[in-house]
Amino acid sequence: CVMGNDWMALSPCSKRNGFEYPDLSQHNNHMAKVLTPEMYANLRDKETSSGFGVDDVIQTGVDNPGHPFIMTVGCVAGDEETYEVFKDLLDPIIEDRHGGYKPTDKHKTDLNPENLQGGDDLDPNYVLSSRVRTGRSIRGFCLPPHCSRGERRAIENLAVEGLSSLEGEFKGKYYALKNMTEEEQQQLIDDHFLFDKPVSPLLLASGMARDWPDARGIWHNDDKTFLVWVNEEDHLRVISMQKGGNMREVFTRFCTGLTKIESLFKEKGHEFMWNEHLGYVLTCPSNLGTGLRGGVHVKLPNLSKHQSFGEILKKLRLQKRGTGGVDTAAVGGTFDISNADRLGFSEVELVQMVVDGVKLLVEMEKRLEAGQSIDDLMPEQK
Amino acid sequence: MASNFARILSSKRNVGILSLVGAGSLSVGFFLTREQYVSAGAQVRRLYPASADYPDLRKHNNCMASHLTPALYAKLCDKATPNGFTLDQAIQTGVDNPGHPFIKTVGMVAGDEESYEVFADLFDPVIKERHNGYNARIMKHPTDLESSKIRGGQFDDNYVLSSRVRTGRSIRGLSLPPACTRAERRDVERVVISALAGLKGNLAGKYYSLTEMTEKEQQQLIDDHFLFDKPVSPLLTCAGMARDWPDARGIWHNNEKTFLVWVNEEDHTRVISMEKGGNMKRVFERFCRGLQEVEHLIQEKGWEFMWNEHLGYILTCPSNLGTGLRAGVHIKLPRLSKDPRFPKILDNLRLQKRGTGGVDTAAVGSTFDISNLDRLGQSEVQLVQTVIDGVNYLIECEKRLEKGQDIKIPAPISQFK
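If you're wondering where the values come from, they're calculated on a predicted model, not measured in any experiment.

Quick look at the overall build of chain A now. In terms of regular secondary structure, chain A is built from twelve helices and ten strands. Taking 21 Å as the expected radius of gyration for a compact globule of 382 residues, we find that chain A reaches 22 Å, a close match to that expectation. Considered along the principal axes of its C-alpha atoms, chain A spans approximately 85 × 50 × 40 Å. Out of the 382 residues in chain A, the part that is buried amounts to 57%. Within chain A, residue pairs in contact and separated by at least 24 positions form 72% of the contacts whose partners lie at least 6 positions apart. On chain A, roughly 15,900 Å² of surface is accessible, and the fraction owed to carbon and sulfur atoms is 50%. Here chain A holds 44 positive side-chain charges and 59 negative ones, and the gap between their average locations is 1 Å.

Printed below as a string of structure tokens:
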């Protein structure tokens, strides 16, 4: 018989870890920088209790070599335990991605909007809209790369149950992707709320689009200022947004909404994945800590052409994107400006940086409009 | 034995080993009965009852969706092959690709040879639907690569522009593209190119690894229409066969550019014999000779192809079981293709038309790709003879229409000989 012993004799090298090690010679992502053959061999025998192994963690990074200019993470978590079981791989990646964050560092969570100073007076002539987003994972369930259909549906049920009991400014409605009417779909597209099946190979390669659109949906309040995505890249993505520059109001609604949702979950015996080292645990290591991206769409036609624009943003710990979101180009001098950090700073601290930073950027823009210098406004490194 | 366990313990998603029935049973492989096989496979740990995990197939039109009832899902969902391949993995492509009302795809793949046994309760009805009622439990599939049995097979070059025969082969003992690890895929590459290096005479050739080919080699392969790219079809990517691209993928072809092998694309190997013009007989001779020599060369090293007497050659997609053979021509049929009887004629001849870009493309001008419909239940010789006889008939029809004469729809030929 050819199975069993004969096969093993013919192919003993298959079982040697060296032959499983991925070819990362063309790769430029955090995983490829960190994963040596020795590390791979050590991690190869491990898996989390739900069966997520190192090959699952790194598949997206193997399949997407990356770009010389843009350093992607190249890893995902399949469950909360991934960050423990594969800490030898993930800790150095986290350190590199999050500005030197050490395995012993502690992360502060602060969702008290009272601690934010100012933020209600960003000039609406320049600041077109304000938005804060984060993610949340429900403890005890596997994450999108790994969850079964049953788990994903359970997450959807819990989310919908919790969200449907929200009241006042948070009263809203859930639209399941697979059940929505054509009319509902068009409205959600017009509101820029609808998310599609991911097309980015970074996401597809990790397995998070399996079974689409089963158990995926969008919930939003009647005012259309508070939005929750269910089972896209994370269990929940929570977004607070509105036109204009009142970031304070956006952040207040964000914190209030999140806190309410968390207590609703706790009533049902569920909590969010969180620990004092990594903060909120999400699918991608880049979103650990606060998972928070707070930003504005702001018109900076003059400043964006200034030679020091990049440097200024860096000093302010801000990041620019096009108005279509990540990996898009700016349109007509209007940029998406948001915090660059996620981990090692609290939510209040990050939004404070956005508020203070954008205020300065608008001031600089006004100076340049008037033909004046901005040299005296140059910030220190935050 | 230890290696088998090590692989199961460190294998892919969703497999937690609760119990293995008898250490000895895993090594006995093929000689188990189907019931023993199913119970000897690994158990999958599930957090939820089957009903919570059963996929929503209400909008689906593929063979898997037609046959996977909730009861069948419940029966099979906690089974895994000895390599750890699960039902959820087998059906993922069918869940993710609901299909089209007009085109019925298969909707499931095998991750290894054992998949067809462990999940037979689902594969069997899918095979039956896809292969004209073929009953895999009791029917036997004939394999015949004696090309000397072919009658005729030299077409009129005024009509037939090129002739081609393709199939696939899998290396026994290594997992298939949806499930293989990087080491297994590299083993497939190593075994296959070592065998191909032993080919001589007009079969002698060279291997071009996708990871190592030069820009010049790449351009030449593109110009020759040999280069294959990373799959973009979601039917393939959802099944996991594009993982780790382009690691251990490559193209081998003979110096004459008439015999070509793809390594680790949708199957371990795809073997293609082709040439310009209408000499299908010679194309098939070379096809058979090349396949038999490659088989001989891998056997010298202690390997063999996946094959059994019910399913013939085992490939990733159930649609390619049996012979895995598609023999076809690029043929100009300007008049016949406009005749409303064309589809019925093709149907009765057990032929299929495609555009000249291959599956899911449209015809250009009135040049069509015409090939056999069937794969399983008839031998290679029988299927190629069917194509030869059928194409001759089509050419006859075209000639008659040229002369203003009428044509007839032929009687349907029987499917299982």
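We now examine the pairing of strand β4 (residues 226-230) of chain A. All names here are of chain A. Extensive coverage of β4 is indicated by the burial of five of its five residues. The alternating pattern of β4 places F226, V228 and V230 on one face and L227 and W229 on the opposite face, and all of these are buried. Alignment of strand β3 (residues 217-221) against β4, held across four bridges, turns out to be antiparallel. Each residue of the ladder has a partner; that of W219, found in β4, is V228. Between β3 and β4, which pair antiparallel and follow one another directly, the connecting turn spans four residues, one of which, K224, has a positive phi of 60°. Bridge analysis of β4 against strand β5 (residues 236-243) gives five bridges, and the strand direction is antiparallel. Paired with V230 across the strands is L236, a residue of β5. The turn joining β4 and β5, which pair antiparallel and follow one another in sequence, is formed by five residues; a positive phi near 60° is taken by N231.

Turning our attention to the sheet that holds strand β6 (residues 259-263) of chain B. Residue and element names in this part refer to chain B. Spatially, the eight strands line up as an open sheet ordered β4-β5-β6-β7-β3-β10-β12-β11, and their pairing is antiparallel. Each edge of the open sheet is held by one strand with a lone partner, namely β4 (205-209) and β11 (351-354). Averaged over all pairs of adjacent strands, the angle between their axes in this sheet comes to 20°, without regard to strand direction. As paired elements, β4 and strand β5 (residues 250-254) share five bridges and run antiparallel to each other. Across the sheet, residue S209 finds its bridge partner in β5, namely G250. On the sheet, helix α15 (residues 380-402) packs against β3 (160-169), β10 (326-332), β11 and β12 (367-372) and is oriented at approximately 15° with respect to β10.

This paragraph deals with the packing of aromatic side chains. Under the counting rule described, the total for this entry stands at 15 aromatic pairs over all chains. Plain terms: the ring middles of Y116 of chain B and F123 of chain B are 4.5 Å apart, the flat faces sit at 50° to each other, and that makes the pair tilted. Comparing Y116 of chain B with F123 of chain B shows no difference in burial state: the two are buried. Aromatic pair W252 of chain B and F259 of chain B: ring centres 6.3 Å apart, planes at 80°, arrangement edge-to-face. Judged by its relative accessible area of 1%, W252 of chain B is buried. The buried category is assigned to F259 of chain B, whose relative accessible area is 1%. Cluster of aromatic residues (ring-pair linked, three or more members): F170, W219 and F226 of chain A. In this structure, R169 of chain B is placed above the aromatic ring of F305 of chain B, and the distance from its NZ or CZ to the ring centre is 5.8 Å.

With that settled, the discussion passes to the confidence of the model for chain B. All names here are of chain B. Mean pLDDT over chain B stands at 89; residues scoring 70 or higher make up 88%. Across residues 1-32, where pLDDT falls below 50, the model places 76 contacts with residues more than four positions away in sequence or in other chains. Under the prediction, the complex receives an ipTM of 0.87, its pTM being 0.88.

Further remarks concern the UniProt feature "domain: Phosphagen kinase N-terminal" (unreviewed entry) in chain B. UniProt feature "domain: Phosphagen kinase N-terminal" (unreviewed entry): in the numbering of this structure it lies at residues 46-132 of chain B. The span residues 46-132 of chain B shows a helical share of 47% and a strand share of 2%, and its end C-alpha atoms are spaced 36 Å apart.

Further remarks concern the nonpolar core. Counting residues in hydrophobic clusters, the biggest one holds 59 residues, and the most contacted among them are V228, M247, F251, I337 and L361 of chain A. Examining the composition of this core, we find that eleven residues originate from one element, helix α12 (residues 347-369) of chain A, more than from any other. The residues contacting I337 of chain A, other than those within four sequence positions of it, are G294, G295, V296, V298, L300, F309, L313, L318, Q319, K320, V358 and L361 of chain A. Grouped together as the second largest cluster of nonpolar side chains are 57 residues, L145, A195, F284 and F368 of chain B included.

A few words now on the pattern of salt bridges. Tallied over the entire structure, the rule returns 55 salt bridges over all chains. Two residues, K366 of chain A and D123 of chain A, come together in a salt bridge whose shortest N-O distance is 2.8 Å. Taken together, the residues K366 of chain A in helix α12 and D123 of chain A in the loop between α6 (87-97) and β1 (127-136) connect sequence positions 243 residues apart. Judged by relative accessible area, D123 of chain A falls into the buried class, the value being 18%. As a salt-bridge pair, D124 of chain B and R137 of chain B come within 2.7 Å of each other at their nearest N and O atoms. Note that D124 of chain B is positioned in helix α9 (residues 120-130) and R137 of chain B in the loop between α9 and β3, a separation of 13 residues in sequence. Look at D124 of chain B and you get buried, because its relative accessible area is 15%. Residue class for R137 of chain B comes out partly exposed when judged on its relative accessible area of 34%. Sharing partners across several salt bridges, the network here consists of E20, R44 and D55 of chain A together with R182, R185 and D244 of chain B.

The next point concerns the sheet that holds strand β2 (residues 172-176) of chain A. Residue and element names in this part refer to chain A. One open sheet holds the eight strands; their spatial order is β2-β3-β4-β5-β1-β8-β10-β9, and the pairing between them is antiparallel. Looking along the sheet, the strands with just one partner apiece sit at the ends: β2 and β9 (318-321). Neighbouring strand axes in the sheet, compared pairwise and without regard to direction, differ in orientation by 20° on average. Inspection of the sheet shows strand β8 (residues 293-299) paired to strand β10 (residues 334-339) by five bridges, in the antiparallel sense. For V296, the partnering residue across the bridge sits in β10 and is I337.

Conventions and cut-offs
- Starting from 1, residues in each chain are numbered consecutively following that chain's sequence as written.
- By the order in which they are written, chains take letters starting at A while ligands take numbers starting at 1.
- Where totals are concerned, whole chains, interfaces and linings use all residues; where local detail is concerned, this predicted model gives features only for residues with pLDDT of at least 70, and gives and counts side-chain atom pairs only at 80 or more.
- Based on all heavy atoms of the structure, the side-chain values leave hydrogens and waters out of the count.
- Secondary structure elements follow DSSP: runs of H or I no shorter than four residues count as helices, runs of E no shorter than two count as strands, and numbering proceeds from the N terminus.
- C-alpha atoms define the radius of gyration in this analysis, and the globule rule sets the expected value at 2.2 Å times the number of residues to the power 0.38.
- Here the term buried applies to any residue with accessible area under 20% of the maximum for its type, exposed to any over 50%, and partly exposed to those in between, with areas from a 1.4 Å probe on protein chains only.
- By the convention used here, residues are in contact when the closest approach between their heavy atoms is within 4.5 Å.
- Residue burial considers only the protein chains on display, and all accessible areas are found by Shrake-Rupley using a 1.4 Å probe.
- For the purpose of counting charges, residues Lys and Arg are taken to be positive, whereas Asp and Glu are taken to be negative. His and the chain ends are not included.
- Every charge is mapped to an atom, namely NZ of Lys, CZ of Arg, CG of Asp or CD of Glu.
- Strand pairing follows a simple DSSP-based rule, namely that at least 2 bridges must link the two strands.
- Whenever a helix is involved, its axis is fitted only over the stretch in contact; in every case the axis is a line through C-alpha atoms, and angles between N-to-C directions fall within 0 to 180 degrees.
- By convention, a stacked pair of Phe, Tyr or Trp rings (six-membered ring in the case of Trp) has centres within 6.5 Å and planes under 30 degrees apart, an edge-to-face pair has planes over 60 apart, and any other such pair is tilted.
- Working rule: Lys NZ or Arg CZ, within 6 Å of ring centre, within 35 degrees of ring normal, means a charge sits over the ring.
- Predictor confidence is given residue by residue as pLDDT, running from a minimum of 0 to a maximum of 100.
- UniProt positions are given in the numbering used here, feature names are shortened, and annotations may be inferred rather than shown by experiment.
- Definition used in this section: a nonpolar core is a set of buried Ala, Val, Leu, Ile, Met, Phe, Trp, Tyr and Cys residues joined via side-chain atoms within 4.5 Å.
- Take a side-chain nitrogen of Lys or Arg and a carboxyl oxygen of Asp or Glu: if they are within 4 Å of each other, that pair is a salt bridge.

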